[in-house]
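Read off the chains here:
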Amino acid sequence: MKIWDIALMAVHNLWSQKMRTALNLLGVVISSALLLMTFAATRGASDGVMNIIDSSDQTRQFLIIAGHKPNTTVPASATEVKGDLDPAKRKRFEEALRKKWIAANARRVYMTSDVLRQLRAIDGVASIVPRSALNCKLSLDDRSTSGSLVGISLKDQSIKFRLACGEIPASEDHDGVLLDEYTAYTLGYQSQQQLEELIGKSIECLVNLGSKTPKAANLLRALGPAASQIDLTTLSRFSSSVEQLAEKMDEVGLTQEEKDAVRLGLKQLSIVAPANSAESTEKSALASNADTSASERKPNERSFIIRGVVKRPSEEEGVGFLQFTGAPRLASVYINSLEKEPLNFQRSGFPGFFTAAGEVTRNDQLASVVGKLEAMGLRIRSAVAIVEKLKEETGKARLAIGALALLILLVAALGISNTMIIAIIERTPEFGIMKSLGASDGQVMWLVLLEGMITGILGASLALAISIAVAPLASELCRHYIELRLKSSFNQAIFTFDATDILIVFFLAATVCTFASLLPAWRAAKLDPVVAMKR
Amino acid sequence: MIHASRLTKIYGDTDNGVKAVDGLNLKIESGQRVALLGRSGSGKTTLMNILAGLDRPTSGEIIAAGKSLFELSPAEIAHYRQTSVGIVFQSFQLIAHRTAIQNVELPLILSGMNAANRKQRVDECLERVAIEHRRHHTPAQMSGGEQQRVAIARAIVSKPPLLLADEPTGNLDSLTADKVTQLMLDVVAENKATLVLITHDQNLAKTCATRTIHMQDGRFISDEIHAEATA
């Protein structure tokens, strides 16, 4: 007897017992549909959140923060916590002491040129852009405004979508920049036509090095504990007076020796920058570009060509949402990178960059790249942990609801088994006749098992059709709830039917129903044909 | 040829059970038409079931188709029933939800014959028993005579060398019974099959069989061979 013929007989038998088949199918359909919708919903939720993250490039981007040399051995005495503390608190304090010791003693890992070169050589890294922002005075035509000069990755897709006019500067275009539309407005360029006129124009940036102007912060640091005795208004006035004193030093009635002493004192307190000193000359030389045309400029003056104007992003466009890189998205002037700008180091005093924004070529490379960077002693902020957590949580939800649906399927299977046993009793003469005609025990058993398996497959098929039909309506109901909870629109698919999930449900339904038929099949196979035909 | 020796079948325990068949010895030549006569409870049907391989004797043995029947495995016994025996029952024993075609082709499906050959063989058989007009009807849509014709078609569709008929006309009116009897004898003759007919009807036995065996209380009380059956 061929398996195909047995299958046809099984289908015929199921069809001839419509009511019994319908009852069996009902249980399978309900549980399979529940299982399918569960899988589709959890996959939809997971995919939806991943799509949101993906659309903001966050699963490819990461923030690098200067760290400490890895595997630094912390002496036991440094983490010793005295006193009678509970173990959990002791552990927390030990960890705090360990971090404190590392911060004070371990060698720092900054993003120097060498480190940046190593980072860029890692497989999967698309770009590493040191994060830097310089406050500056911007001048265009006869107008000027204050603003910030920010180094960003021009590969960042979000910048591309914000372009109001012009184009993104090429990576080798070191002088090309993008201008913020509001900064353009403050410089007198308002209409779209005016913005387009900006393309190709030169903008002057006078970088604020901080030490040129006495600042309340520097003064506070210089005054030390005494600063706590002075209120902020007095401190501000005092700061302004000291600034004027530095500027009008030549006008005050002091001897040259006294003037030099005051200048030196202010310089050593970091309140004013050294003037006309040898050090200043050296830094100015470092700050000036190699370009000889810039030699007449002030050391902190730069000139850039405007290649494009960018819109300010709205909250809906993702500013601050799922932003792991910390990359500044608001600036007056966007430049490809400030990596080679000596003013950065002159201002910060660090041997390298403290932070950088990185990007991998593909989402799936993020975890491995992050792992390699952390092994170098750098601290990383990325979506890896969130994505992992998300996958873990949706996995748990799938498992929990899936287990419940499977339980329902098993309960349905008990019902199927029961109905089939009754059916076998009803069909006893039929099996007796079959055996009298030469059917072996195996053939009878296969027939009943196939009836169960077909019931499972048929039930799963109906469940799939119903689930797909119901999904749009269920999606709308769920979307309304999700949007209420999120307080924003949610345009992602809520139910995602995946081929693997469908196959799993079909496999489970067919297996459970086949197992449910095992006992009835065995009973049918073992029937005595003579006794069976008498019933 | 069938050769049974010392066949005993006891229902219940060996000491206090009912002896349906009591130490029978029987030899049936190929092509012979044997009628087993006897009153109800004489052991005719039990003997037929043993000959068909549907029931096992308590003791004794049967050599059929060259094999000792009860030394065979269950699968081999099933194969023996499939290929060597055709059975016609008094109550037809057709499967209620299957049509005439589907009932008749069942033995062929079990033997693994392909669909094209099956169809040809079934059509031939239905035509032979003159029931082709009922091919798509279920048993409930047919008369008793028609059902018995379908049962005969099913019994002969595998061309078995042994045809067992248990009161084949018991549920039919006399006119239909005559027609069914004639049909059965014709197909047995065409197939050169051995016929074992179980009946309590002396006339039917005389009409159909070349040998008549009377049974009582599980034993043979007479065994007569006729020169020629009247049919």
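Residues numbered from 1 in each chain as written. Chains lettered and ligands numbered in written order. Predicted model: local features only at pLDDT ≥ 70, side-chain atom pairs only at ≥ 80, totals over all residues. Heavy atoms only, no water.

### Section: helix H5 (residues 144-156) of chain B
No. 1: In a regular helix each residue adds 1.5 Å, so 13 residues correspond to 18 Å; H5(B) covers 18 Å between its end C-alpha atoms and thus fits that length.
No. 2: Of all 13 residues in H5(B), 12 are buried, a share of seventy percent or more.
No. 3: Taken together, the buried positions of H5(B) are occupied by Gly145(B), Glu146(B), Gln147(B), Gln148(B), Arg149(B), Val150(B), Ala151(B), Ile152(B), Ala153(B), Arg154(B), Ala155(B) and Ile156(B).
No. 4: At its buried positions, H5(B) is contacted by helix H15 (428-436) of chain A together with strand E6 (85-88), helix H3 (100-111), helix H4 (115-128), strand E7 (162-166) and helix H6 (174-191) of chain B. (Helix = DSSP H or I, 4+ residues; strand = E, 2+ residues; numbered from the N terminus. Expected span 1.5 Å × (residues − 1). Buried < 20%, exposed > 50% of the residue type's maximum accessible area, 1.4 Å probe, protein only. Contact = heavy atoms within 4.5 Å.)

### A closer look at the nonpolar core
No. 1: The biggest cluster of nonpolar side chains holds 79 residues, and the ones touching the most others in it are Phe431(A), Met434(A), Ile62(B) and Leu164(B).
No. 2: Examining the composition of this core, we find that nine residues originate from one element, helix H16 (residues 441-486) of chain A, more than from any other.
No. 3: Residues contacting Ile62(B), with those up to four places away along its chain left out, are Ile2(B), His3(B), Ala4(B), Leu7(B), Ile50(B), Leu51(B), Lys67(B), Ser68(B), Leu69(B) and Phe70(B).
No. 4: Counting 36 residues, the second-largest nonpolar core is a separate cluster that includes Ala100(B), Leu126(B), Ala151(B) and Ala193(B). (Core = buried A, V, L, I, M, F, W, Y, C linked by side-chain atoms within 4.5 Å.)

### Regarding the sheet that holds strand E13 (residues 379-382) of chain A
Remark on secondary structure: sheet strands pair via backbone hydrogen bonds, oriented parallel or antiparallel.
Residue and element names in this part refer to chain A.
No. 1: In spatial order, the strands read E4-E12-E1-E13; together these four strands make up an open sheet with antiparallel pairing. Only two strands of the sheet have a single neighbouring strand rather than two, namely strand E4 (125-130) and E13. On average, adjacent strands in this sheet sit at an angle of 25° to one another, irrespective of strand direction.
No. 2: Taken together, the five bridges between strand E1 (residues 61-65) and strand E12 (residues 355-360) define a ladder with antiparallel strand orientation. Looking at the pairing, Gln 61 lines up with Glu 359 of E12.
No. 3: Running at roughly 155° to E4, helix H4 (residues 113-121) makes contact with E1 and E4 of the sheet. (Pairing = 2+ DSSP bridges. Axes fitted to C-alpha atoms, helices over the stretch in contact; angles between N-to-C directions.)

### Some points on the side chain of Thr212(B)
No. 1: Secondary-structure assignment places Thr212(B) in strand E9 (residues 211-216).
No. 2: Setting aside residues no more than four positions away along its own chain, Thr212(B) makes contact with Ala35(B), Leu37(B), Ala205(B), Ser222(B), Asp223(B), Glu224(B) and His226(B).

### Examining the interface of chain A and chain B
No. 1: On the side of chain B, 24 residues touch chain A, which itself brings 21 residues to the contact.
No. 2: With both sides pooled, the region where chain A packs onto chain B buries about 2000 Å², and carbon together with sulfur makes up 60% of that total.
No. 3: Linking Arg118(B) and Asp5(A) is a salt bridge whose minimum nitrogen-to-oxygen distance equals 3.1 Å.
No. 4: The interface formed by chain A and chain B holds eight residue pairs in polar contact (both at pLDDT 80 or more) in total.
No. 5: When contributions to the side of chain A that touches chain B are tallied by element, the ones reaching two or more residues are helix H1 (3-16), H15 and helix H19 (529-534) of chain A.
No. 6: Considered class by class, the residues forming the side of chain A that touches chain B number nine nonpolar, seven polar and five charged. (Buried area = accessible area lost by both parts, 1.4 Å probe. Salt bridge = Lys/Arg side-chain N within 4 Å of Asp/Glu carboxyl O. Polar contact = N/O pair within 3.5 Å; in protein donor to acceptor, adjacent residues only side chain to side chain. Nonpolar A, V, L, I, M, F, W, Y, C, P; charged D, E, K, R; others polar.)

### Re the sheet that holds strand E4 (residues 59-64) of chain B
All names here are of chain B.
No. 1: In space, the four strands of this open sheet follow the order E2-E1-E4-E5, with antiparallel pairing throughout. Of all the strands in the sheet, the pair left with one neighbour each is strand E2 (18-28) and strand E5 (67-68).
No. 2: Two elements, E4 and E5, share two bridges in a ladder whose sense is antiparallel. Among the inter-strand pairings, Ala 64 is bridged to a residue of E5, identified as Lys 67.
No. 3: Against the sheet, helix H1 (residues 44-52) engages strand E1 (2-11), E2 and E4, with an angle of about 125° to E1.

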